[in-house]
Amino acid sequence: MNNTYKFLNFAVVLSMLIGFSGCMQDEIVDYVSKDNQTLEDYLAANDIDYWKTKTLPTGGVYITPEIIGYPGQYTPSENESRIVEVNLDMRRFAQELMGDERFDDPDDLVTSVFLKDPNYAFSMNRGAICIGFYDEVLNMMLQNIQTKVDTFPRTYIPSYLAFGGTASSGIGLEFNDIVTAENMFITHVSYDSIQRVRYEKDSLVLKYAEDTLGTVDPDDEQLFSGSSNGKGPDYIFKDLITAGDGAGKIMAGDTVKVRYEGKFLLQEWTLRNSATGPVLFDSNTAKDNKGEYIASPFQVIMYESLADAQENNAFETVIDGWYKSILTMEEGEKATFVMPSQVCYWEIGDNAQVSDMFKTIRPFKPLAFEIEVVEVKRSNK
């Protein structure tokens, strides 16, 4: 059995267990049958054409409208290595309003957006934000290959394939909610990690440099083209804002204090921001009404790379892109660095312990950092 199907079978069982764990109020409920029956009755009652995917052993998601000549089961290749980027728009399906004549339009029951990301990317061998969405993407690929369908207007995802027993008023989900994915389409497919890195360099890093920084010429060509991680060049784009004091570049072993701002390259919708919210996701540059910094500068001991820091059991680490970027700087220098995800958080995102739904930085997000070195304490090496 290949890796993709191992993941699918494991994820289905896990999703069902999670769903059941939140449903022990009066009796155990078969949420697989319940959700399927709920959706099939609803779709039939509203004359909505649909097809149900056949990829999963328990049955799949409900995709509308029906596609004539749906060709069947998707068979992923062995050791699937593709990285897929899609338009993600997930919403709550208000099944408690079914049968209420005041909500007679199918759109009335598709309510609040709880997750939106126009450039959500994930590795096929790790899985997507939930098993139902992963199943949808698999079938989107099948349609692209065989029937040339490039958009799924609406997909209904049963709770046991969505977020199971998740309940959070902060994101608008209740226990065992059915959800929908709206207008899903694939924006890009990379067939291995090297292709993904090149795609981010050309379509995201250089585009951001041109559109936002007004240049396509990095101030440190070696930083842009150098590499040490096996995925090809790092492609860290440096744009100098203010020159340093001329006392020499920071070296491994030095302790630095920095002011910084971290930004997404594209407008990001997160659990805390609106769909057109700020691109800034982190900083320590905010000031109070007296014009004084609220937070202290961030301090970090420098290493040649993240791998070097980990090998030396560093007490606190930063992303690989920070080590490599700051080592090109001097005290007093300020610069913007645009970094592909391979030197940021790559395929995991900023927190390996939580679902992509709850991450501030989801997988495969290139980032831009404006960094100012305010103090350097030289090592005694």
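Just above, that's the structure.
Residues numbered from 1 in each chain as written. Predicted model: local features only at pLDDT ≥ 70, side-chain atom pairs only at ≥ 80, totals over all residues. Heavy atoms only, no water.

Novice: Run through the overall build of the protein chain, naming residues and quoting values.
Specialist: Counting its regular elements, the protein chain contains seven helices and 13 strands. For the protein chain, long-range pairs separated by at least 24 residues make up 69% of all intrachain contacts whose partners lie at least 6 apart in sequence. Surface exposure of the protein chain reaches about 17,700 Å², of which carbon and sulfur atoms provide 48%. (Helix = DSSP H or I, 4+ residues; strand = E, 2+ residues; numbered from the N terminus. Contact = heavy atoms within 4.5 Å. Areas by Shrake-Rupley, 256 points an atom, 1.4 Å probe, with all protein chains shown as cover.)

Novice: Outline the pattern of salt bridges, listing residues and values.
Specialist: Applying the stated rule across the entire model yields 20 salt bridges. Residue R196 pairs with E200 through a salt bridge whose shortest N-O separation is 2.8 Å. Remark: E200 and R196 occur in helix α4 (residues 193-213); sequence separation between them is four residues, near one turn of the helix. The class for R196 is buried, based on a relative accessible area of 0%. (Salt bridge = Lys/Arg side-chain N within 4 Å of Asp/Glu carboxyl O. Buried < 20%, exposed > 50% of the residue type's maximum accessible area, 1.4 Å probe, protein only.)

Novice: Explain the environment of S283 to me, using residue names and the numbers behind them.
Specialist: Relative to the elements of secondary structure, S283 occurs in strand β10 (residues 280-283). Taking the C-alpha atoms as reference points, S283 and I371, 88 residues apart in sequence, are found 9.8 Å from one another. Setting aside residues no more than four positions away along its own chain, S283 makes contact with Y260 and E261.

Novice: Can you explain the nonpolar core? Please cite residues and give values.
Specialist: Formed by 38 residues in total, the largest nonpolar core has its most connected members in M90, F114, I129 and F133. When contributions to this core are tallied by element, the ones reaching two or more residues are β3 (83-93), β4 (110-123), α3 (131-146), β5 (152-157) and β6 (179-184). Broken down by element, the residue count for this core peaks at seven residues, all from α3. Within the second largest apolar cluster, 31 residues are counted, among which are F264, F337, V343 and L367. (Core = buried A, V, L, I, M, F, W, Y, C linked by side-chain atoms within 4.5 Å.)

Functional significance is not addressed by these values, which are geometric in nature.
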